[in-house]
Amino acid sequence: MCFKTRLAAKILNLGGVISNPTDTVQGLTCLPYEASIQKLLRLKRRSPLKGLILLASDVDFFYPYVQDADLLAQIKIQQQPTTYLLKASDGVSKLIKGEFDTVAVRLTGDVLIGALCQQTNSVLLSSSANIAGKPTATSILKLNRDFKQELDFIIAPNKDNTQPSQIINLQTGERLR
C-alpha cells in the first residue's frame, strides 16, 4: 500500500476529512465520527437533512447501519456503481441518514476505497467533492479553492471518475437515479 493511502487512513482515523477519487466522482470522505461528519457537511455547505453515503469494500461494514441484514446479501459489486437504500438501524445518527429512515450504501471494488476501509477498519462516509449545488471539483486547485484549504488531505482526482452512481431502493426496487 502506498504512502499516500496509509497517510489518508491515518488522517481519517484521527477524525479528518479528506478528498479522494471514488468509483464514481471525486469525493469528500470521513469516518462515522460526529465531529468529522459535521466538518464534512460544513465544508460542503450541505444540509444535514440530506444524509450521506456509506461506502465500503465489504458488506460486513454495513451491518451496524442497516435493519434488515438479510437484504445485504443481495448487494453485489455492479459494473455500474450502484447505491442502495436500506432501512436504517435504530441509533444511526441523523447526520448519516438525514431526515430519512433509510441509509444509502454502496459496495465497491475500488482499490483505494478497499485499502482505506481495511486500514481504518471502518465504513467510509462519502459525498461528492463540491459545494452544495455546484459542479464536483476535478482538480486539486479547485478542491483547495472551493474548500479554502480546509481539507485535511487530498488524493488527486482522476479522469475515470466522472459519473454519479445509480440509486435503487432495495426494499421496493424503485430506481431513483
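We now turn to the structure provided with this report. In this text the structure is predicted, and so the values were computed from the model without any measurement. (Residues numbered from 1 in each chain as written. Predicted model: local features only at pLDDT ≥ 70, side-chain atom pairs only at ≥ 80, totals over all residues. Heavy atoms only, no water.)

Points about the overall build of the protein
Right, so step 1: Along the backbone of the protein there are 6 helices and 8 strands.
Right, so step 2: Each helix and strand of the protein, ordered N terminal to C terminal, gives the series α-β-β-α-β-α-β-α-β-α-β-α-β-β.
Right, so step 3: A compact globule built from 177 residues would reach a C-alpha radius of gyration of about 16 Å, and the protein, at 15 Å, matches this within 12%.
Right, so step 4: With respect to the principal axes defined by its C-alpha atoms, the protein has extents near 40 × 35 × 30 Å.
Right, so step 5: Sorting the 177 residues of the protein into buried and exposed places 53% on the buried side.
Right, so step 6: Once local pairs closer than 6 in sequence are excluded, the contacts in the protein between residues at least 24 apart make up 66%. (Helix = DSSP H or I, 4+ residues; strand = E, 2+ residues; numbered from the N terminus. Rg over C-alpha atoms; globule rule 2.2 N^0.38 Å. Buried < 20%, exposed > 50% of the residue type's maximum accessible area, 1.4 Å probe, protein only. Contact = heavy atoms within 4.5 Å.)

Brief notes about the nonpolar core
Right, so step 1: Membership of the largest hydrophobic core comes to 52 residues, with the highest contact counts inside it found for L54, F62, I75 and L86.
Right, so step 2: F62 has contacts with L54, L55, A56, L72, V105, R106, L107 and V123, leaving out every residue within four places of it along the chain. (Core = buried A, V, L, I, M, F, W, Y, C linked by side-chain atoms within 4.5 Å.)

Digging into the side chain of N169
Right, so step 1: Secondary-structure assignment places N169 in strand β8 (residues 166–169).
Right, so step 2: Reaching out from N169, the side chain makes a polar contact with the backbone nitrogen of Q171 at a distance of 2.9 Å.
Right, so step 3: The contact partners of N169, leaving out residues within four places of it in the chain, are L85 and E174. (Polar contact = N/O pair within 3.5 Å; in protein donor to acceptor, adjacent residues only side chain to side chain.)

Quick look at the sheet that holds strand β2 (residues 26–30)
In any sheet, the strands associate via hydrogen bonds between backbone groups, in a parallel or an antiparallel arrangement.
Right, so step 1: What the 8 strands build is an open sheet, ordered β7-β1-β2-β6-β3-β5-β4-β8; its pairing is mixed. Edge positions in the sheet fall to β7 (153–154) and β8, since each has one partner strand and no second.
Right, so step 2: Direction of pairing for strand β3 (residues 53–56) relative to strand β5 (residues 102–107): parallel, over a ladder of 4 bridges. Residue I53 lies in a different strand from β5, and its bridge partner there is A104.
Right, so step 3: Most of the contacts of helix α5 (residues 111–120) go to strand β1 (residues 18–21), to which it runs at about 140°, and overall it touches β1, β3 and β6 (124–128). (Pairing = 2+ DSSP bridges. Axes fitted to C-alpha atoms, helices over the stretch in contact; angles between N-to-C directions.)

Focus: helix α1 (residues 3–13)
Working note: α-helix, 3.6 residues per turn, so residues spaced by three or four point in the same direction.
Right, so step 1: Inspection of α1 places T5, A8, A9, I11 and L12 among the buried residues, and these make up the whole buried set. Considered in projection along α1, the buried side chains sweep an arc of 160° and stay on one side of the axis. Turned more than 90 degrees off the buried face of α1, the exposed positions are F3 and K10.
Right, so step 2: On the buried face of α1, the contacting elements are β1, β2, α5, β6 and β7. (Arc of directions from axis to C-beta.)

Here we look at unusual backbone geometry
Right, so step 1: The phi angle at R45 is positive, at roughly 60°, despite the residue not being glycine.
Right, so step 2: Residue classification places R45 among the exposed residues on the basis of a relative accessible area of 52%.
Right, so step 3: With phi around 50°, K148 is a residue other than glycine that occupies positive phi space.
Right, so step 4: Within the fold, K148 resides in the loop between α6 (140–146) and β7.

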